[in-house]
Amino acid sequence: MKPTEIRALLQLKSFEFNRQTRRRGKSHSIEDLRRLAKHSLPKVVFDYVEGGADAEVTLADNVAGFHARRLFPVSLSDVEQPDARVSVFGHELPLPLGLSPTGYTRLMHSTGEIAVGRAAAAAGIPYVMSTVASTSVADLGQISNLNLWAQLYVLKDRDQTWAFLNRIAGAGVTVLEISVDTTVAGFRSRDVRNGLTIPPALSPKAIVDIGAHPSYWLQFLRAPAMTFPNMPQQSEGGSIGSISDFFESKLGWDDVAAIRERWNGKLLIKGPVNGPDAKRAIDLGADGIHLSNHGGRQLDRCATTLDLLPEVRAAVGDGPLVVIDSGIRHGSDIVTAYALGADLAMVGRAYLYGLAVAGEAGVSHAIGILSEQVQRTMHLLGVHTMAEVRANGASLVRDSRGL
Ligand SMILES: Cc1cc2nc3c(=O)[nH]c(=O)nc-3n(C[C@H](O)[C@H](O)[C@H](O)COP(=O)(O)O)c2cc1C
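A brief report on the enclosed structure follows. Remember, it's a predicted structure, so these values are computed and weren't measured experimentally.

### Let's talk about the site of the ligand
In the vicinity of the ligand lie 25 residues, with S100, G103, S130, G295 and G348 positioned nearest. Elements represented by at least two residues in the shell around the ligand include exactly α4 (43–50) and α17 (349–381). In terms of residue count, α17 provides more of the shell around the ligand than any other element does, three residues in total. Broken down by class, the residue content of the shell around the ligand amounts to eight nonpolar, 13 polar and four charged.

### What to know about unusual backbone geometry
Outside of glycine, negative phi angles account for most residues, and trans bonds account for most peptide bonds. The phi dihedral of F89 is positive, around 50°, even though this residue is not glycine. For F89, the position within the fold is in the loop between β2 (86–88) and β3 (91–93). The phi dihedral of S326 falls on the positive side, at around 95°, and the residue is not glycine. Positionally, S326 belongs in the loop between β10 (321–324) and α16 (331–339).

### Some points on the pairing of strand β9 (residues 288–291)
Taking every second residue as pointing to the same face, both faces of β9 are buried, with G288 and H290 on one and I289 and L291 on the other. In this structure, strand β8 (residues 266–271) lies alongside β9, joined through four bridges in parallel fashion. Along β9, the bridge assignment pairs L268 with G288. For the segment spanning β8, helix α14 (residues 275–283) and β9, crossover handedness is right-handed. Here β9 pairs with β10 via four bridges, running parallel. In the sheet register, I289 faces β10, and the bridge partner there is V322. In the classification by handedness, the crossover that spans β9, the intervening helix α15 (residues 305–316) and the parallel β10 is right-handed.

### Remarks on the nonpolar core
As a rule of thumb, nonpolar side chains are buried together in soluble globular proteins. Of all hydrophobic cores here, the largest spans 103 residues; its most connected members are I289, I334, A345 and A366. Among residues more than four places away in sequence, those in contact with A366 are I30, L33, A350, Y351, Y353 and G354.

### Considering the environment of H330
Its place among the elements puts H330 in the loop between β10 and α16. Spatially, the C-alpha atoms of H330 and Y353 are 13 Å apart, while their sequence positions differ by 23 residues. When neighbours within four sequence positions are excluded, H330 is seen to be in contact with I30 and Q373.

### So, the packing of helix α6 (residues 112–123) against α17
Two elements in contact, α6 and α17, have axes separated by 8 Å at closest approach and are oriented at 15°. The angle between α6 and α17 falls in the class roughly parallel. Handedness of the α6/α17 crossing: left-handed. Contacts between α6 and α17 pair A115, V116, R118, A119, A122 and A123 from the former with Y351, L355, G359, E360, V363, S364 and I367 from the latter.

The rules behind the values
Each chain has its residues counted from 1, following the order in which its sequence is written. For this predicted model, a pLDDT threshold of at least 70 governs which residues receive local features, and a threshold of 80 or more governs which side-chain atom pairs are given and counted, while totals over whole chains, interfaces and linings are taken from all residues. Being near a molecule or strand means, for a residue, that its C-beta atom, positioned from the backbone, comes within 6 Å of it. Only DSSP runs of H or I covering at least 4 residues are called helices, and only runs of E covering at least 2 are called strands; the numbering of each starts at the N terminus. In this count, Pro and Cys sit with the nonpolar residues alongside Ala, Val, Leu, Ile, Met, Phe, Trp and Tyr, while Asp, Glu, Lys and Arg are called charged and the others, Gly among them, polar. Counts of 20 or more other C-beta atoms within 10 Å of a residue's own C-beta define buried residues, counts of 12 or fewer define exposed ones, and intermediate counts define partly exposed ones; C-beta atoms are placed from the backbone. Strand pairing follows a simple DSSP-based rule, namely that at least 2 bridges must link the two strands. Whether a crossover is right-handed comes down to one check: with the strands pointing away from the viewer, does the path from the first strand over the helix to the second run clockwise; if it does, it is right-handed. We define the nonpolar core as any set of buried residues of the types Ala, Val, Leu, Ile, Met, Phe, Trp, Tyr and Cys, connected via C-beta atoms lying within 7 Å of each other. Distance between backbone-placed C-beta atoms decides contact: two residues are in contact if it is within 7 Å. To get an axis, fit a line to the C-alpha atoms, keeping to the stretch in contact for a helix; angles then go from 0 to 180 degrees between the N-to-C directions. These descriptions rest on fixed angle ranges, namely under 35 degrees for roughly parallel, over 145 for roughly antiparallel, 65 to 115 for roughly perpendicular, and the rest for oblique. Each helix crossing is assigned a hand: it is left-handed if the near helix lies turned anticlockwise from the far helix by less than a right angle, otherwise right-handed if that turn is clockwise.

These figures capture arrangement, not role.
Shown next as structure tokens:
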């Protein structure tokens, strides 16, 4: 070869000195981000994000359920630039994706919910703030162009519950989701074994861990102490146990009716809701269902949301919004969920991995990975629009277990 040809073969790139940019450059899938998050976080924190309830059967089933659905492309359909846009409650979204509520988010990265909210706003997708967010809803409400939703753990003290509704409405929240799967905390085996407390205590084990994850602990200790500004005052800085002591352990349809009466915005029920219950919620005035088994963190051996989806869609009809989460790790999962009847897919862990790896830029990176995968999946499936994905859902996506 001539020297010029050898030079052309040599692809010497300049070294990227910024560690977070370097890490993002190395992650091309949510699984890559997961591996990096595992490396970056103390074990006790990673396990809090990653873990499920009891034997983690549902946690595994959630991902396996998506993998069991096979895609059947349409050939030669002249697709050049698939259009993944959808409309949700009057907002046009670039794709049917949203960010599910996750509590104690500043545990994963000191920038916490603000980083997640900014990334969601930049991408033009909704973000659901958790009742146990570690950032105040007023601060999240300041993020421009954020399509901010909120999740409610009904509090034993109903006056505090109504105060929460007023606070979120005042901050510009337009959609409320009532979690109905958390009347008692799931048995998170990993957290129990690791002795997790919220906020994490500087136990002898944690002090030893500082050597293994210095940058995590540095940013954690430099940031203001973690509190739960949207919860009743007494719970601030409490342990997981003491916070869940505030949640109602006996929920019924009357509670949904009472919340419907007081909440003027859109209302969704979040949980592993079956068809008849979904219909009852809509009859009571709910605007939709957020199908979720809490990412396998509550009732173990609970049905997957993908298995519940067809009966829920059939029960509520075309009008109400059906959101789905639990197990979504790839854009093809989003397309699959849309094909089978969901209007919006949400992710929990997928964005938390990104947050742990690189704060706001990491969340944006996770959203970017999923968006590209949705585009590529649609292109390879031979579909032009999400409407086409839904209309041809039954032929595009089939359950390989029943083939
Ligand atoms: C670390 C973590 C914290 C969570 N905290 C909450 C919460 O505060 N409220 C809630 O309704 N769901 C919570 N969830 C459940 C998520 O909203 C969502 O249902 C779940 O993460 C979806 O599954 P996926 O992680 O497989 O995407 C949490 C999930 C995780 C992983």
